[in-house]
Amino acid sequence: AGGEFEGDVRLGITGALSISNATVFASLNELSRVAGLPLAGQMSLVVEQATLIDNWPRVFLATLNVRGLTAPQPGSNAAALVGDYAVLFSNAAVTEANPLVGEVSDTGGPLDLNGTITLLPPNQYLLDVKIKPEPSAAPALAQGLQFFAPADNQGMHNFKLNSNF
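Residues numbered from 1 in each chain as written. Predicted model: local features only at pLDDT ≥ 70, side-chain atom pairs only at ≥ 80, totals over all residues. Heavy atoms only, no water.

A. Just the packing of aromatic side chains, in detail. What the rule picks out here adds up to one aromatic pair. Between the aromatic rings of Phe60 and Phe89, the centroid separation amounts to 5.2 Å while the plane-to-plane angle is 75°, which identifies the pairing as edge-to-face. In this pair, Phe60 is assigned in strand 4 (residues 56-72) and Phe89 in strand 5 (residues 79-91), connecting sequence segments 29 residues apart. Its relative accessible area of 8% is what places Phe89 among the buried residues. (Phe/Tyr/Trp six-rings, centres within 6.5 Å; stacked < 30°, edge-to-face > 60°. Helix = DSSP H or I, 4+ residues; strand = E, 2+ residues; numbered from the N terminus. Buried < 20%, exposed > 50% of the residue type's maximum accessible area, 1.4 Å probe, protein only.)

B. Local environment of the pattern of salt bridges. Evaluation of the coordinates by the stated rule reveals one salt bridge. Its salt-bridge partner being Lys160, residue Asp128 comes within 3.9 Å of it at the nearest N-O pair. Of this pair, Asp128 sits in strand 8 (residues 124-133) while Lys160 sits in strand 9 (residues 157-164); the two residues are 32 residues apart in sequence, bridging distant segments of the chain. Since its relative accessible area comes to 63%, Lys160 is described here as exposed. (Salt bridge = Lys/Arg side-chain N within 4 Å of Asp/Glu carboxyl O.)

C. Here's a closer look at the pairing of strand 4. Sheet analysis places strand 3 (residues 40-53) next to strand 4, joined by 12 bridges and oriented antiparallel. Residue Leu45 lies in a different strand from strand 4, and its bridge partner there is Leu64. The loop that links strand 3 with its antiparallel partner strand 4 comprises two residues; one of these, Asp54, has a positive phi angle of about 55°. Relative to strand 5, strand 4 runs antiparallel, the two sharing 11 bridges. Note on strand 5: the bridge partner recorded for Asn65 is Ala86. (Pairing = 2+ DSSP bridges.)

D. The arrangement of the environment of Leu100 in detail. Assignment of secondary structure puts Leu100 in strand 6 (residues 100-108). Each C-alpha atom of the pair Leu100 and Trp56 lies 9.6 Å from the other, and the pair is 44 residues apart in sequence. Residues within four places of Leu100 in sequence aside, it is in contact with Pro57, Phe60, Phe89, Asn91, Val94, Ile117, Thr118 and Leu119. (Contact = heavy atoms within 4.5 Å.)

These figures come from the coordinates and say nothing about function on their own.
Quick look at the structure:
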């Protein structure tokens, strides 16, 4: 249960928290219970460098990997493999004019996915991705994408979500 953290952490006298050469491993099963989302899989976060001031990243060089992500199929409680994904954060200077943005991509599985996630203080996120089922995708998964967004003439579903965490 839980997760693991290994890395270097420093707290400055000004309250700045610096993290470097760090890796976090966790089960999405555990995190989903806390967040109230019915997800399963494994995640790892590799932090090259991060600096947090006033509880918000000012520097964030990291990669988030999610493997074996499963989620309920739309219209059913049955779990379906959604795939493996990566989010690359290469934000050397996070400011109001230069928000925290991660490049989202699939790294394997039944969905071709790419786009961005933008994180804004204090707790807002904007997800903007294009999703296309791979030929190997289960028919129920491919049909479920229609619940989120209609497909364009190339079979891509443009999915946008603006919410809070």
